[in-house]
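Chains, contacts and geometry: an overview
Below are the chains, spelled out letter by letter.
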Amino acid sequence: MRQIATILCACLMISGVNFAEAKSKKELKPSQTILLYPEGQAAGKGLPETEGPLVSNGYTADQEVRAENGNLTCTGDNARMEIYTPKKPNGQMVIVCPGGGYLYCSPREAEPVALRYAAAGFHAFILRYSTESKAAGNAPLAEVNWAVSLLREQADEWHIDPGKIAVCGFSAGGHLALMPGLMAEQKPNAMILIYPAAYVPNIPGANFMLQVLTGRREVTDADAEYFNLLNKITPDAPPAFLAATSEDMITQFGALPIAQKYAQVGRNFELHIFQYGPHGYSLGDVTAADGSSRMLDSAFAKWHDMSVDWLFRTFGQPQFVDKSTGRLESRLKGMGISIPEGAI
């Protein structure tokens with residue numbers, strides 16, 4: 001059991017490992033960045049309703065969280081949301097929650113994923129939620145709940161439909177993406193869960209996520225039960241899209257039992273289990289592989305297009321407007337030229 005726990009721990013953290021130094025020299029910047037705690041989490045100051053979470057996560061500078069792998073240090077007051085605006089918006093949006101075992105936010109599961117959804121017409125929001133000691137008190141749930149609330153409040157400003165918000169999460173980020181749909185006041189309208197963790201066994205070596213989220217070295221079975229999201233799936237859970245591989249040990253703690261529970265309660269879901277591949281594929285292509293051929297898989301890479309198709313089937317096909325055709329039609333009419341309906 002301890003060997004399984006060690007492997008489980010490694011799987012939950014591997015999604016963000018930097019496998020190579022080869023990175024693009026050109027960094028694409030988000031169109032807007034919103035700091036979740038501009039006055040500092042350590043100061044215990046909350047933010048105005050439209051600018052950030054209403055309460056701090058209770059962290060103070062003299063607190064320390066320890067886990068089996070040693071001391072967990074403060075990551076700084078850098079929790080934020082980065083916004084990528086598509087060239088041709090379809091009115092739908094995706095909040096991306098990278099993985100990393102709640103110890104960090106994996107860059108491989110952040111910008112590459114957001115850019116891919118933006119290219120498909122979605123407003124993409126990367127939620128770089130609190131990690132390590134800043135996650136104590138389950139701060140990430142409060143933050144994703146705030147993010148969904150903010151997007152609905154400012155939907156007109158971003159030209160998005162407040163009823164078409166999806167949350168996409170990887171590994172521990174999949175655990176986080178699942179939480180608001182089952183536990184938060186502001187539920188997303190759909191969830192995309194890529195090799196997610198649905199629950200964490202309370203055994204040494206595997207329960208570091210529970211230690212981080214509770215802020216305590218000693219966690220109880222009650223803590224494990226609280227963060228076991230399988231028992232919180234009900235018929236009113238948002239529809240879910242799931243993708244994982246059969247070789248990934250996390251699949252037995254995530255995608256498969258989530259799908260089984262969804263089937264039991266009669267809720268809509270779509271499940272894709274690919275035969276080969278380790279934990280942490282991200283997109284499965286060169287844009288997110290960080291130079292590692294081990295992170296490339298042409299079969300698993302299909303999940304993103306599948307998720308886009310699923311979102312369109314869930315939210316409805318977007319209605320794009322061809323502005324060039326509209327301008328041509330307007331000019332022809334201005335010249336007094338009659339155009340039969342449907343000719344252009």
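Each chain carries its own residue numbering, running from 1 in the direction its sequence is written. Predicted model: local features are reported for residues with pLDDT of at least 70 only, side-chain atom pairs are reported and counted for 80 or more only, and whole-chain, interface and lining totals are derived from all residues. Side-chain metrics in this entry use all non-hydrogen atoms of the structure; hydrogen atoms and water are not considered.

**As for the overall build of the chain**
The test is simple: A helix here means a DSSP run of H or I that spans at least four residues, while a strand means a run of E at least two residues long, and both kinds are numbered starting from the N terminus. Per-residue accessibility, obtained with a 1.4 Å probe over protein chains only, is compared with the maximum for each type, and a residue is labelled buried under 20%, exposed over 50%, and partly exposed between these values. Contacts: residue pairs with any heavy atoms within 4.5 Å of one another.
Secondary structure assignment for the chain yields 10 helices and 10 strands. Within the chain, buried positions represent 53% of all 344 residues. Once local pairs closer than 6 in sequence are excluded, the contacts in the chain between residues at least 24 apart make up 76%.

**Brief notes about the nonpolar core**
Considering soluble globular proteins, one finds that nonpolar side chains tend to be buried as a cluster. Quick note on the threshold: The term nonpolar core refers to a set of buried residues drawn from Ala, Val, Leu, Ile, Met, Phe, Trp, Tyr and Cys, joined through side-chain atoms within 4.5 Å.
Among the nonpolar cores identified, the biggest contains 87 residues, and Tyr-117, Trp-303 and Leu-311 are the most heavily contacted of them. With 7 residues, helix α3 (residues 139–153) is the largest single contributor of residues to this core. Here Leu-311 is in contact with Gln-92, Val-94, Tyr-117, Phe-122, Ala-166, Ala-190, Ile-192 and Gly-316, once residues within four sequence places are set aside.

**With respect to helix α8 (residues 255–265)**
Turn by turn, an α-helix covers 3.6 residues, leaving residues three or four places apart pointing in a common direction. Turning to α8, its buried residues number three or more, namely Ala-255, Pro-257, Ile-258, Ala-259 and Tyr-262. Those residues of α8 that are buried are in contact with α5 (172–183), β8 (190–194), β9 (240–245) and β10 (269–274). Of the residues trailing α8, Gly-266 is marked for its positive phi of about 75°.

**Describing the environment of Val-212**
Examined against the element boundaries, Val-212 turns out to sit in helix α6 (residues 208–214). Given a relative accessible area of 0%, Val-212 falls into the buried group.

**Quick look at the environment of Val-144**
The topology assignment puts Val-144 in helix α3. Each C-alpha atom, one on Val-144 and one on Tyr-129, is 7.7 Å from the other, the two residues being 15 residues apart in sequence. When neighbours within four sequence positions are excluded, Val-144 is seen to be in contact with Cys-97, Leu-127, Leu-176 and Pro-180.

**Quick notes on the sheet that holds β8**
For clarity, the threshold we go by: When DSSP finds two or more bridges between two strands, those strands count as paired. As a rule, the C-alpha atoms of each element are fitted with a line to give its axis, helices using only the stretch in contact, and angles between N-to-C directions run from 0 to 180 degrees.
Here 8 strands make up an open sheet; going across it, the order is β1-β4-β6-β5-β7-β8-β9-β10 and the pairing mixed. Looking along the sheet, the strands with just one partner apiece sit at the ends: β1 (32–35) and β10. Between one strand and the next, the sheet's axes are offset by a mean angle of 15°, whatever the strand orientation. Sheet analysis places β8 next to β9, joined by 4 bridges and oriented parallel. In the strand pairing of β9, Leu-193 is matched with Leu-242.

**Looking at a nonpolar patch on the surface**
Here is the rule we go by: Like-charged residues within 9 Å of one another, or nonpolar side chains (Val, Leu, Ile, Met, Phe, Trp, Tyr) within 5 Å, are grouped into patches, provided each residue has over 30% relative accessible area and no salt bridge. With residues, only the protein chains shown are counted as cover, and all accessible areas are computed by Shrake-Rupley using a 1.4 Å probe. Think of a salt bridge as a Lys or Arg side-chain nitrogen and an Asp or Glu carboxyl oxygen that are within 4 Å of each other.
A cluster of nonpolar residues, Leu-256, Phe-269, Leu-271 and Ile-273, forms a patch on the protein surface that exposes about 290 Å² of accessible area. The topology assignment puts Leu-271 in strand β10.

**Regarding the confidence of the model for the chain**
When pLDDT drops low, the exact placement of atoms in the prediction is not to be read closely. How we decide: Along the chain, pLDDT gives the predictor's confidence residue by residue, from 0 to 100.
Averaged over all residues, the pLDDT of the chain equals 77, while 70% of them reach at least 70. Confidence drops under pLDDT 50 across residues 1–11; counting only partners more than four residues distant or on other chains, this segment forms 19 contacts. Every residue in residues 42–76 is under pLDDT 50, and counting partners more than four places away or in other chains gives 81 contacts.

**Points about helix α2 (residues 111–119)**
Along α2, the residues that are buried comprise Glu-111, Pro-112, Val-113, Ala-114, Tyr-117 and Ala-118. Contact partners of the buried residues in α2: β4 (80–84), β5 (93–97), β6 (123–128), β7 (165–170), β8 and α9 (303–315). Positive backbone phi, approximately 100°, marks Gly-121, located one or two places after α2.

**Concerning the packing of aromatic side chains**
Let me state the cut-off plainly: Each Phe, Tyr or Trp ring (for Trp, its six-membered ring) is paired with any other whose centre lies within 6.5 Å, and the angle between the two planes then decides the class: stacked below 30 degrees, edge-to-face above 60, tilted in between. Two limits define a charge over a ring: the Lys NZ or Arg CZ must be within 6 Å of the ring centre, and within 35 degrees of the ring normal.
If you walk through the whole model with that rule in mind, you get 12 aromatic pairs. Measuring from centroid to centroid gives 5.5 Å for Phe-125 and Trp-158, while their planes differ by 70°, and the two rings are edge-to-face. Highlighted residues: Phe-125 in strand β6 and Trp-158 in helix α4 (residues 155–158), separated in sequence by 33 residues. Accessibility expressed as a relative area gives 0% for Phe-125, which makes it buried. Look at Trp-158 and you get buried, because its relative accessible area is 8%. An aromatic cluster is built from Phe-170, Tyr-195, Phe-274, Phe-300 and Trp-303, whose rings are joined through pairwise contacts. Between Lys-232 and the ring centre of Tyr-226, over which it is positioned, the NZ or CZ distance is 5.2 Å.

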